[in-house]
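Secondary and tertiary structure notes
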Amino acid sequence: MEGTVFTPSLEGMKHVRSEDGVMLTKPFLDVCKLILPVLDKFGAAMSLVKSDIGGNITRLETKYASDPSKFEHLYSMVQVEVESKTAKGSSSCTNGLLWLTRAMDFLVELFRNLLEHPDWTMSQACTDSYSKTLKKWHGWLASSSFTVAMKLAPERKKFMEVIGGSGDINADIEKFCTTFAPLLAENHKFLASVGLDDLKAS
């Protein structure tokens, strides 16, 4: 593997904002898709998260494909739903973007933990990032399935070797966290501005 598992998504992040700083739909979704192979390296521990992320990407891509010029900007999908009062529906693109962003928050936090706590096991790093990000939005069922899944987390040293490839994995994790976190924060800020950043799982 040339570089690390993060190399493609780091390249993609350069194109997520337009020249005037607007979040673009396709490049943002492409970056999220490029992060999916990272989740594969976790094995069964992340299969829930991966299917959730994949489903939300597909939902947003389908909407984008229905009118690429209208939905070129990521937040235009949300605006359309806010106007038609469908944004709070469980199958809305607003909901998809919110959960996609939250899942990515979880991953950023997880990799930050791996960087900052070299002594933690993978399960510790996963559980801590879960409690800081997704947990408060999950109901009891999702929360308990998640807790069980985290017990399947791979051994840390082996995982770091697998995702490292031929690159500098710590430098790339650092770059991933510092570059991606502000983009996710922007999504939250926009969703909060329309009063939709605090939807909970049913």
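As a reminder, the structure under discussion sits directly above these lines.
As the structure is a computational prediction, the values presented were derived from the model and not from experiment.

Reading guide: rules and limits
- Residues numbered from 1 in each chain as written.
- Predicted model: local features only at pLDDT ≥ 70, side-chain atom pairs only at ≥ 80, totals over all residues.
- Heavy atoms only, no water.
- Helix = DSSP H or I, 4+ residues; strand = E, 2+ residues; numbered from the N terminus.
- Rg over C-alpha atoms; globule rule 2.2 N^0.38 Å.
- Buried < 20%, exposed > 50% of the residue type's maximum accessible area, 1.4 Å probe, protein only.
- Contact = heavy atoms within 4.5 Å.
- Areas by Shrake-Rupley, 256 points an atom, 1.4 Å probe, with all protein chains shown as cover.
- Lys, Arg positive; Asp, Glu negative; His and termini not counted.
- Charge placed at Lys NZ, Arg CZ, Asp CG, Glu CD.
- Salt bridge = Lys/Arg side-chain N within 4 Å of Asp/Glu carboxyl O.

**Details of the overall build of the chain**
Helices and strands together make up the secondary structure of the chain, namely nine helices and zero strands. Listing every helix and strand of the chain by position from the N terminus yields α-α-α-α-α-α-α-α-α. For 202 residues, the compact-globule estimate of 2.2 N^0.38 gives 17 Å, and the chain sits close to it at 17 Å. Among the 202 residues that make up the chain, the fraction classed as buried is 48%. Contacts spanning at least 24 positions in sequence make up 75% of the contacts within the chain whose residues lie at least 6 apart. Taken as a whole, the chain presents about 9800 Å² of accessible surface, with 56% of it coming from carbon and sulfur. Both charge centroids of the chain, one from 23 positive and one from 25 negative side chains, sit 6 Å from each other.

**Some remarks on helix α6 (residues 122-132)**
Those residues of α6 not exposed but buried are M122, A125, C126, D128, S129 and Y130. In the core, the buried residues of α6 are packed alongside α5 (93-116), α7 (140-150) and α8 (156-164).

**Brief notes about the pattern of salt bridges**
Per the counting criterion, the structure on display carries ten salt bridges. A salt bridge links K26 to D30; the nearest nitrogen and oxygen atoms lie 2.9 Å apart. Of this pair, K26 and D30 both sit in helix α2 (residues 25-40), four residues apart, roughly one helical turn. Under the relative-accessibility criterion, K26 is labelled partly exposed at 41%. One salt bridge connects E161 with K157, and the closest N-O pair in it is separated by 3.1 Å. Highlighted residues: E161 and K157, both in helix α8, separated by four residues, approximately one helical turn. As far as burial versus exposure is concerned, E161 and K157 are alike and both exposed. Each of E109, R112, D128 and K132 takes part in one network of salt bridges that share partners.

Fair warning: the whole summary comes from geometry, so function is off the table for now.
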